[in-house]
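# Structure assessment
What follows is the residue order along each chain.
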Amino acid sequence: MSVVGLIGGSGAALYPAASKIQAHNAKTLWGQPSAPVKCWTQQGHELCFLSRHGENHVIPPHRINYRANIQALADMGVDFIIAMNAVGGIAKSAKPGVLVIPDQLIDYTWGRFHTYFDSHKDKVNFTDFTRPYDGKLSKLLVNAAHTEKLPVVAGGTYAVTQGPRLETAAEIDRLERDGCTIVGMTAMPEAALASELSLPYISCSSVVNYAAGRSDAAIHSEIEAFLKLGVQHSAQLINRFLQDL
Ligand code: HPA
């Protein structure tokens, strides 16, 4: 049995949690996480679910207390973390409705509390972040998507932008030149903090819109149209993943 940390993003309220939920109002060294952590048993594993933007989706990406969120899950003894992310698609393969399991990221964010090693009392700690996403668990996630016949892109680079505004078309062109596949606002510093606590971390990113300048459709109508499907696909994928774990 594993204890699995699951972080819900936009659309988290649509995630079909099991019944018999125990909620924990965690407090950490770094303050309060975005929401109470809800726990339930699924496929023989214990799930600890945390809604990144808060229960009513009120915390914007740059204001999330990422340190408290990751610490709260660590304090509950999770073995690893699955992050759910709603993202825009930059690469042609990353169409709305598709799931992407990224294997790399580029951090374009600024001014966020991004490290646990922030004191001059500790020894300077340079965390190895060569591979931000756990390879073995990501592979299991991709295999689960294949088993469930879900549309999936295996691998790709997640561009993490500051938000909360969406990007300009020129910014997306630049991210494409940088080699990015998808764009979102929340993978960092989340992934790095997990790494600092030696917690394996993976992402199930669901594409909910074409990135700016990549389609004639209005971005917000696309997001509205694809968010629910993305959460449903992610839930189906995670259920199979847990079965295979
Ligand atoms: N850009 C940044 N973040 C996002 C997007 C996007 O197009 N879609 C969903 N989250």
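Notes on the structure follow. (Residues numbered from 1 in each chain as written. Predicted model: local features only at pLDDT ≥ 70, side-chain atom pairs only at ≥ 80, totals over all residues. Heavy atoms only, no water.)

### Overview of the overall build of the chain
In plain terms, the rule: Only runs of H or I of at least four residues qualify as helices and only runs of E of at least two qualify as strands under DSSP, and these elements are numbered from the N terminus. The contact rule is simple, with two residues in contact once any of their heavy atoms fall within 4.5 Å. Residue-level accessible areas treat just the shown protein chains as cover; the underlying method is Shrake-Rupley with a 1.4 Å probe. Counted as positive: Lys and Arg. Counted as negative: Asp and Glu. His and the chain ends are not counted at all. By convention, charge coordinates are those of NZ in Lys, CZ in Arg, CG in Asp, or CD in Glu.
Helix and strand counts for the chain come out as five helices and eleven strands. Its C-alpha atoms put the chain at 45 × 45 × 35 Å along the principal axes. Here the contacts in the chain between residues at least 6 apart in sequence split such that 80% fall between residues at least 24 apart. Accessible surface, the chain: about 11700 Å² in total, of which carbon and sulfur atoms supply 52%. The average position of the 21 basic charges and that of the 22 acidic charges among the side chains of the chain differ by 2 Å.

### Examining the site of the ligand
Test applied: In this text, near means that some heavy atom of the residue lies within 4 Å of the molecule or strand in question. The term polar contact refers here to a pair of N or O atoms within 3.5 Å; inside protein, the definition further demands a hydrogen-donor-capable atom paired with an acceptor-capable atom, and it admits residues adjacent in sequence only when both atoms are side-chain atoms.
Around the ligand sit Ala 86, Val 87, Gly 88, Leu 166, Glu 167, Val 183, Gly 184, Met 185, Val 208 and Asn 209, and that is every residue in its neighbourhood. A distance of 3.3 Å separates a nitrogen atom of the ligand from a polar backbone atom of Ala 86. Asn 209 places a side-chain nitrogen or oxygen 2.7 Å from a nitrogen atom of the ligand. In the complex, 90% of the free accessible area of the ligand, which totals 260 Å², lies under the protein chains.

### As for the side chain of Asn 85
For clarity, the threshold we go by: Exposure is judged per residue with a 1.4 Å probe applied to protein chains only, and the accessible area is read against the type maximum: over 50% gives exposed, under 20% gives buried, and values in between give partly exposed.
Checked against the element boundaries, Asn 85 lands in strand β5 (residues 80-89). Of the residues examined, Asn 85 reaches a relative accessible area of 3% and is grouped as buried. In terms of polar contacts, Asn 85 uses its side chain to reach the side chain of Thr 186, at 3.2 Å. Other than its neighbours up to four places away in sequence, Asn 85 contacts Arg 52, Tyr 158, Thr 186, Ala 187, Ser 203, Cys 204, Ser 205 and Ser 206.

### Description of the environment of Ala 13
The topology assignment puts Ala 13 in the loop between β1 (3-8) and β2 (22-24). Among the residues examined, Ala 13 registers a relative accessible area of 72% and is labelled exposed. The sequence separation of Ala 13 and Ala 169 amounts to 156 residues, and the corresponding C-alpha distance is 30 Å.

### Details of the pairing of β5
Just so we agree on the cut-off: Here a strand pair is declared whenever DSSP counts at least two bridges between the two strands.
In terms of burial, β5 is largely enclosed, as nine of its ten residues are buried. Relative to β5, β1 runs parallel, the two being bridged by four bridges. From the neighbouring strand, Ile 7 faces β5, where its bridge partner is Ala 83. By the bridge criterion, nine bridges tie β5 to strand β11 (residues 201-210) in an arrangement that is parallel.

### Some thoughts on the nonpolar core
Worth spelling out the cut-off: Here, nonpolar core means buried Ala, Val, Leu, Ile, Met, Phe, Trp, Tyr and Cys residues that are tied together by side-chain atoms lying within 4.5 Å of each other.
With 36 residues, the main nonpolar core has Ile 70, Leu 73, Ile 81 and Tyr 158 as its most contacted residues. Apart from residues lying up to four places away in sequence, Ile 81 is in contact with Gly 5, Ile 7, Ile 70, Leu 73, Ala 194, Leu 199, Pro 200, Tyr 201 and Ile 202. Residues Val 4, Trp 40, Ile 202 and Phe 241 belong to the second largest nonpolar core, which totals 26 residues.

### Side note on the pairing of strand β9 (residues 157-160)
Selection criterion: Here a crossover is taken to be right-handed if, once the strands point away from the viewer, the path from the first strand over the helix to the second is traced clockwise.
Of the two faces of β9, the one lined by Thr 157 and Ala 159 and the one lined by Tyr 158 and Val 160 are each fully buried. In this sheet, β9 lies alongside strand β7 (residues 104-107) in parallel orientation, the contact comprising four bridges. The residue of β9 that forms the bridge with Asp 107 is Val 160. In this structure, β9 lies alongside strand β10 (residues 182-184), joined through three bridges in parallel fashion. Residue pairing in the sheet places Ala 159 in a bridge with Val 183 of β10. In this view, the connection linking β9 to its parallel neighbour β10 by way of helix α3 (residues 169-177) has right-handed handedness.

### A closer look at the pattern of salt bridges
The criterion, for reference: The salt bridge criterion pairs a side-chain nitrogen of Lys or Arg with a carboxyl oxygen of Asp or Glu, the two atoms within 4 Å.
Under the criterion given, the structure shown has seven salt bridges. Lys 38 is the salt-bridge partner of Glu 55, the closest N and O atoms lying 3.2 Å from each other. With Glu 55 in the loop between β4 (45-51) and α1 (66-75) and Lys 38 in strand β3 (residues 37-42), this pair connects stretches of sequence that are 17 residues apart. A relative accessible area of 45% means that Glu 55 is categorised as partly exposed. Judged by its relative accessible area of 29%, Lys 38 falls in the partly exposed class. For Glu 190, the salt bridge goes to Arg 52, with nearest N and O atoms at 2.8 Å. One end of the pair, Glu 190, is in helix α4 (residues 190-196); the other, Arg 52, is in the loop between β4 and α1, and 138 residues separate them in sequence.

Structural measurements only, silent on function.
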